Amino acid sequence: MVIDTMVFAYALLRVEGQYNQAITALETAEQIIVPDSLFAELGNVVWQWIQFRQLPIETGLEVLKDSEALIDKVIPSAYIREVALELAVRASHPFYDALFIAAAIREQVQVITFDRKLAEKFPDIVRLLE
């Protein structure tokens, strides 16, 4: 499965209300696949938590390290950017999300996410966690 950034964030930051579903998705995935853009997105989420929720930087660094340990396969954005851009334009949805869709198409798997808009735009490829 391609796992969206917020699934990692909710699991590794133990976000109340989403933690159980997020950790279950990570634990039950046969293979965890991500585009390389995940690291920048997750880094930004962790930065926000450090800035606005007083997360200790040491914890933030652990979250980034732990996320890497969970991932089985990283798809370079350069391999999927053309497809992602076409998908983003066609669906009128942000490019960075379309990279996850393009990775799923390439690997012939689904995207697991909490993002309702992404699920609405790509219902055949996305499995929504609620």
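Before reading further, recall that the structure is shown in the block above.
As the structure is a computational prediction, the values presented were derived from the model and not from experiment.

Caption draft 1: Geometry of the overall build of the protein. In terms of regular secondary structure, the protein is built from 7 helices and 5 strands. Ordered by position from N to C terminus, the α and β elements of the protein give β-α-α-β-α-α-β-α-α-β-α-β. The C-alpha atoms of the protein give a radius of gyration of 14 Å, which matches the 14 Å a tight globule of 130 residues would have. With respect to the principal axes defined by its C-alpha atoms, the protein has extents near 40 × 25 × 25 Å. When contacts within the protein are restricted to residue pairs at least 6 apart in sequence, long-range pairs at least 24 apart make up 61% of them.

Caption draft 2: Summary view of the packing of helix α1 (residues 5–12) against helix α3 (residues 37–52). The N-to-C vectors of α1 and α3 enclose an angle of 45°; their axes lie 9 Å apart at closest approach. Comparing their axes, α3 and α1 come out oblique. Judged by the twist between their axes, the crossing of α1 over α3 is right-handed. Contacts from Thr-5, Met-6, Phe-8 and Ala-9 of α1 reach α3 at Leu-38, Glu-41, Leu-42 and Val-45. In terms of residue class, the contact of α1 with α3 is built from 6 nonpolar, 1 polar and 1 charged.

Caption draft 3: Highlighting the environment of Gln-51. Tracing the backbone through its elements, the reader meets Gln-51 in helix α3. Sequence-wise, Gln-51 and Lys-65 are 14 residues apart; in three dimensions their C-alpha atoms are separated by 19 Å.

Caption draft 4: Quick look at the side chain of Ser-37. One can find Ser-37 in helix α3. Apart from residues no more than four positions distant in its own chain, Ser-37 is found in contact with Ser-77, Leu-99 and Phe-100.

Caption draft 5: Region of interest: the nonpolar core. In this structure, Val-7, Phe-8, Leu-13, Ile-32, Ile-101 and Val-111 are the most contacted members of the largest nonpolar core, which totals 48 residues. The element contributing the most residues to this core is helix α6 (residues 95–107), with 7 residues. Not counting residues within four places of it along the chain, the set of residues in contact with Ile-101 comprises Leu-87, Val-111, Leu-118, Phe-122, Ile-125 and Val-126.

Caption draft 6: Just helix α4 (residues 57–70), in detail. Helix length check: α4 (14 residues) gives 20 Å between terminal C-alpha atoms against 20 Å at 1.5 Å per residue, within 8%. Those residues of α4 that sit buried are Gly-60, Val-63 and Ser-67. An end-on view of α4 places all buried positions within 50° of arc, on one side of the element. Residues of α4 that are exposed and point over 90 degrees away from its buried face: Glu-58, Leu-61, Lys-65, Glu-68 and Ala-69.

Caption draft 7: Looking closely at the packing of aromatic side chains. Scanning the entire structure with this criterion turns up 2 aromatic pairs. Where Tyr-10 meets Phe-114, the ring centres are 4.9 Å apart and the plane angle is 70°; that geometry is what we call edge-to-face. Of this pair, Tyr-10 sits in helix α1 while Phe-114 sits in the loop between β4 (111–113) and α7 (116–121), and the two are 104 residues apart along the sequence. Of the two residues examined, Tyr-10 and Phe-114, each falls in the buried class. Summarising the aromatic geometry, the rings of Trp-47 and Phe-52 are spaced 6.0 Å apart at their centres and angled 80° between planes, so their arrangement reads as edge-to-face. For the cation-ring pair, Arg-53 lies above Trp-49, with the distance from its terminal atom to the ring centre recorded as 4.3 Å.

Reading guide: rules and limits
Within every chain, residues take consecutive numbers counted from 1 along the sequence as written. For a predicted model such as this one, the threshold for reporting local features is a pLDDT of at least 70, and the threshold for listing and counting side-chain atom pairs is 80 or more; totals across whole chains, interfaces and linings nevertheless cover every residue. Note that the side-chain values use all heavy atoms of the structure and ignore hydrogens as well as water. Counting from the N terminus, the helices are DSSP H or I runs at least four residues long and the strands are E runs at least two residues long. Every radius of gyration here is taken over C-alpha atoms, with the globule rule written as 2.2 Å times N^0.38, N being the number of residues. Note on contacts: a residue pair is in contact if any heavy atoms of the two residues lie within 4.5 Å. For helices, the fitted line uses only the C-alpha atoms of the stretch in contact; every axis is such a line through C-alpha atoms, and the angle between N-to-C directions lies from 0 to 180 degrees. Roughly parallel here means an angle under 35 degrees, roughly antiparallel means over 145, roughly perpendicular means 65 to 115, and every remaining angle is called oblique. By the definition used in this description, the sense in which the near helix is turned from the far one sets the handedness, with an anticlockwise turn below a right angle giving left-handed and a clockwise turn giving right-handed. Three classes are used, and their members are as follows: Ala, Val, Leu, Ile, Met, Phe, Trp, Tyr, Cys and Pro are nonpolar, Asp, Glu, Lys and Arg are charged, and the others, Gly among them, are polar. For this analysis, a nonpolar core means a set of buried residues of the types Ala, Val, Leu, Ile, Met, Phe, Trp, Tyr and Cys, connected via side-chain atoms within 4.5 Å. Each residue gets one of three labels from its accessible area relative to the maximum for its type: buried under 20%, exposed over 50%, partly exposed in between, using a 1.4 Å probe on protein chains only. The span one expects for a helix is its residue count, reduced by one, times 1.5 Å. In this description, one arc is meant: the one made by directions from the helix axis to the C-beta atoms. Planes of paired rings set the category: under 30 degrees apart is stacked, over 60 is edge-to-face and the rest tilted, where pairs are Phe, Tyr or Trp rings (Trp by its six-membered ring) whose centres lie within 6.5 Å. Each ring is checked for a lysine NZ or an arginine CZ that lies within 6 Å of its centre and within 35 degrees of its normal; such an atom marks a charge sitting over the ring.

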